[in-house]
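# Breakdown of the fold
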Amino acid sequence: MNDRPRPAAEQTPAEQAPAEATAATPASAAVPATTVVRWPGPGLAGGQGPAGLLAAYHLQTQAEKGEAVTDVADLPERYRAEVLDPRTAFAADTVLLAVAGDAVPGCLVLTGAVGGAAEIKRLWTAPEYRGRGIAAALVRAALTEAAARGVDTLRLSVWDWRTGAIALYERLGFAPVPARDDRPRLLHLARPV
């Protein structure tokens with residue numbers, strides 16, 4: 001049995017679930033207002049943080065790359081370190097969390113600026129919260145944060161099978177740019193701040 005994901009063109013919407021814009025919110029679902037806060041910081045009850053979201057992000061990404069693991073302990077070391085100690089792993093970065101009521105359904109990491117550019121990493125929305133504008137709110141907050149820092153360009157990379165996420169980035173003004181590394185199927189996008 002081949003565990004490698006099928007190309008996006010052959011996938012059903014349910015198989016494309018990691019893409020932010022593919023899920024719809026039922027009309028009857030009560031959606032608490034979403035705010036975006038910096039982590040660590042005020043507005044987070046009980047020490048809420050990004051660890052669970054980062055774990056879901058990395059486990060899903062490994063599965064999509066055909067390298068599925070069942071537990072955080074089985075992740076490659078650098079990803080495991082992000083989950084187990086995000087405060088240290090992202091000490092030089094800004095971690096943004098989406099807060100909806102008592103839940104923390106999304107996260108995004110904005111790297112420190114290098115040469116006028118910062119990078120979005122680890123954008124993730126819990127599957128049950130997708131289609132509610134959480135990812136867009138996180139990206140907009142990252143743009144605001146980048147502008148406040150004097151960043152000229154915001155860049156990111158995204159796997160080509162995450163078609164919903166790519167559509168979101170394009171709607172928010174990101175466009176393809178030359179690759180910064182040679183990983184196949186990894187797209188590089190950027191936009192001016």
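Predicted model only: the values in this text are computed from it and were never measured.

### Overview of the confidence of the model for the protein chain
Here the protein chain averages 84 in pLDDT, and 81% of its residues register 70 or above. Within the protein chain, strand 1 (residues 34–39) has the poorest average pLDDT of any element, 91, and strand 6 (residues 175–176) the best, 98. Predicted confidence is poor over residues 1–28, with pLDDT under 50, and the contacts of this stretch with residues over four places away or in other chains come to 48 contacts.

### Quick look at the pattern of salt bridges
Applying the stated criterion across every chain, the model contains 8 salt bridges. Here Arg 38 ties to Glu 145 by a salt bridge, and the two come within 3.6 Å at their closest N and O atoms. Of the two residues, Arg 38 is situated in strand 1 and Glu 145 in helix 4 (residues 134–149); the sequence distance between them amounts to 107 residues. The class of Arg 38 is partly exposed, set by a relative accessible area of 47%. Arg 149 is paired through a salt bridge with Glu 145; the nearest N and O atoms lie 3.6 Å apart. Of this pair, Arg 149 and Glu 145 both sit in helix 4, 4 residues apart, which is roughly one turn of that helix. What emerges from the salt-bridge pattern is a single network uniting Arg 38, Glu 145 and Arg 149.

### Section: unusual backbone geometry
Cis geometry marks the peptide bond from Trp 39 to Pro 40, where omega comes out at -15°. Tracing the sequence through the fold places Pro 40 in the loop between strand 1 and helix 1 (51–64). Phi is positive for Arg 122, close to 60°, though the residue is something other than glycine. Within the secondary structure, Arg 122 is located in strand 4 (residues 117–125). According to the relative accessible area criterion, Arg 122 is buried, its value standing at 9%. Non-glycine residue Arg 185 carries a positive phi angle of around 75°. Structurally, Arg 185 can be placed in the loop between strand 6 and strand 7 (186–192). We classify Arg 185 as partly exposed; its relative accessible area is 36%.

Calculation criteria
- Residues numbered from 1 in each chain as written.
- Predicted model: local features only at pLDDT ≥ 70, side-chain atom pairs only at ≥ 80, totals over all residues.
- Heavy atoms only, no water.
- pLDDT = per-residue confidence, 0-100.
- Helix = DSSP H or I, 4+ residues; strand = E, 2+ residues; numbered from the N terminus.
- Contact = heavy atoms within 4.5 Å.
- Salt bridge = Lys/Arg side-chain N within 4 Å of Asp/Glu carboxyl O.
- Buried < 20%, exposed > 50% of the residue type's maximum accessible area, 1.4 Å probe, protein only.

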